[in-house]
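# Architecture and fold: a report
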Amino acid sequence: MVTQGKLQINSMENVEDKNSGRLGCFGWILVIQIVQEYERAVIFRLGRITDRKPKGPGLFFVLPCTDNFVKVDLRTVSFDIPPQEILTKDSVTVSVDGVVYFRIHCPISSVANVTNAHSSTRLLAQTTLRNVLGTKNLSELLSDREGISLNMQEALDEATDPWGIKVERVEIKDVKLPQQLQRAMAAEAEASREARAKIIAAEGEMKASRSLKEASLVISESPSALQLRYLQTLNAIAAEKNSTIIFPLPIDILQNFMQRK
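These lines cover the structure that appears in this document, whether it is placed above or below. Only a predicted model underlies this, so the values are computations on that prediction, with no experimental measurement involved.

Moving on, we get to the sheet that holds strand S4 (residues 48–49). Within a sheet, each strand pairs with its neighbour through backbone hydrogen bonds, oriented either parallel or antiparallel. Here three strands make up an open sheet; going across it, the order is S4-S3-S6 and the pairing antiparallel. The sheet is open, and its two edges are formed by S4 and strand S6 (67–73), each paired on a single side. Across two bridges, strand S3 (residues 39–45) lies against S4 in antiparallel orientation. By the bridge assignment for S4, Arg45 is matched with Arg48.

Okay, here's the thing in structure tokens:
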């Protein structure tokens with residue numbers, strides 16, 4: 001317990017002892033304590049909490065012989081959940097860790113209802129993480145982190161409410177998979193990508209063949225269109241400044257020579 005300010009006030013009073021006729025004296029001492037804006041003090045007087053409400057911020061008085069007090073920090077506290085080995089619903093072993101943010105909203109409950117509120121919240125967060133993730137599949141664990149974090153926050157908040165603790169946020173930091181499972185998932189993803197690529201290539205070939213069929217029907221209706229296509233091909237080859245030019249000959253010309261022979 002850290003005492004940040006202390007001031008003793010002594011007061012003496014004289015009274016007459018009726019039996020002996022002599023004067024007696026008694027006194028009382030007050031000690032002034034100081035708590036910060038983000039702190040509250042829970043005072044126990046003869047073992048009982050005074051006024052059922054905390055003191056602070058600022059100055060307050062305590063009696064040295066009968067009072068003792070506990071300071072409670074109201075600021076938000078964060079802690080890491082150690083990596084937990086968890087067996088998912090589909091029997092996959094993963095290692096998961098996270099982070100929890102919480103604060104004390106009722107100082108009296110945090111002192112009177114639990115021995116160590118911070119330590120109890122840490123232990124409860126570990127068990128809650130295992131319980132929540134044990135009901136999820138691996139695919140849900142990898143894709144629905146926000147939903148899992150929300151479920152954990154609600155479960156922790158409900159369990160720690162009697163301790164005067166408000167769980168503000170829970171986040172899943174990292175999910176570690178076994179090496180064999182990572183290789184298997186990588187191979188599955190690669191095979192799936194290759195299958196999609198083959199399907200896309202086949203669809204492209206089918207569309208191209210349909211376009212070629214339509215083009216051949218159009219060219220067959222006009223023989224001069226084929227000659228224009230030859231000239232366009234030669235123009236495209238000549239634009240690249242090639243030394244060799246391949247000139248396609250119509251098959252009809254070759255057939256005429258073959259018939260003469």
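Turning our attention to the packing of helix H2 (residues 117–133) against helix H4 (residues 145–160). At their nearest, the axes of H2 and H4 sit 10 Å apart, and the two run at 135° to each other. Comparing their axes, H4 and H2 come out oblique. Taken as a pair, H2 and H4 cross one another with a handedness that is right-handed. Listed contacts from H4 to Thr121, Leu124, Ala125, Thr128, Leu129, Val132 and Leu133 of H2 are Ile148, Asn151, Met152, Ala155, Leu156, Ala159 and Thr160. Among the residues making up the contact of H2 with H4, the classes are represented as ten nonpolar, four polar and no charged.

Given a rise of 1.5 Å per residue, 17 residues ought to cover 24 Å, and the 24 Å separating the end C-alpha atoms of H2 matches this to within 8%. The set of residues buried in H2 consists of Ala117, Thr121, Ala125, Thr128, Leu129, Val132 and Leu133. Axial view of H2: buried residues confined to an arc of 110°, hence all on one face. Opposite the buried face of H2, by more than 90 degrees, sit the exposed residues Leu123 and Asn131. Along its buried surface, H2 packs onto strand S7 (77–87), strand S8 (93–104), helix H1 (107–112), helix H3 (138–143), H4 and strand S9 (165–176). Its side-chain oxygen placed 3.3 Å from the backbone nitrogen of His118, Asn116 serves as the N-cap of H2.

Another point: the sheet that holds S8. Taking strand neighbours across the sheet as the criterion, the three strands line up as S7-S8-S9 in an open arrangement whose pairing is antiparallel. Sheet topology places S7 and S9 at the edges, where each strand pairs with a single neighbour. Averaged over all adjacent pairs, the angle separating strand axes in this sheet is 25°, with direction ignored. Where S7 meets S8, nine bridges bridge the pair, whose relative direction is antiparallel. Paired with Glu85 across the strands is Ser95, a residue of S8. Where H2 meets the sheet, its contacts fall on S7, S8 and S9, and the angle it forms with S7 comes to roughly 35°.

Cut-offs used in this document
- Residues numbered from 1 in each chain as written.
- Predicted model: local features only at pLDDT ≥ 70, side-chain atom pairs only at ≥ 80, totals over all residues.
- Heavy atoms only, no water.
- Pairing = 2+ DSSP bridges.
- Helix = DSSP H or I, 4+ residues; strand = E, 2+ residues; numbered from the N terminus.
- Axes fitted to C-alpha atoms, helices over the stretch in contact; angles between N-to-C directions.
- Parallel < 35°, antiparallel > 145°, perpendicular 65-115°, else oblique.
- Left-handed = near helix turned anticlockwise from the far one by under 90°.
- Contact = heavy atoms within 4.5 Å.
- Nonpolar A, V, L, I, M, F, W, Y, C, P; charged D, E, K, R; others polar.
- Expected span 1.5 Å × (residues − 1).
- Buried < 20%, exposed > 50% of the residue type's maximum accessible area, 1.4 Å probe, protein only.
- Arc of directions from axis to C-beta.
- Polar contact = N/O pair within 3.5 Å; in protein donor to acceptor, adjacent residues only side chain to side chain.

The analysis is restricted to geometry; functional conclusions fall outside its scope.
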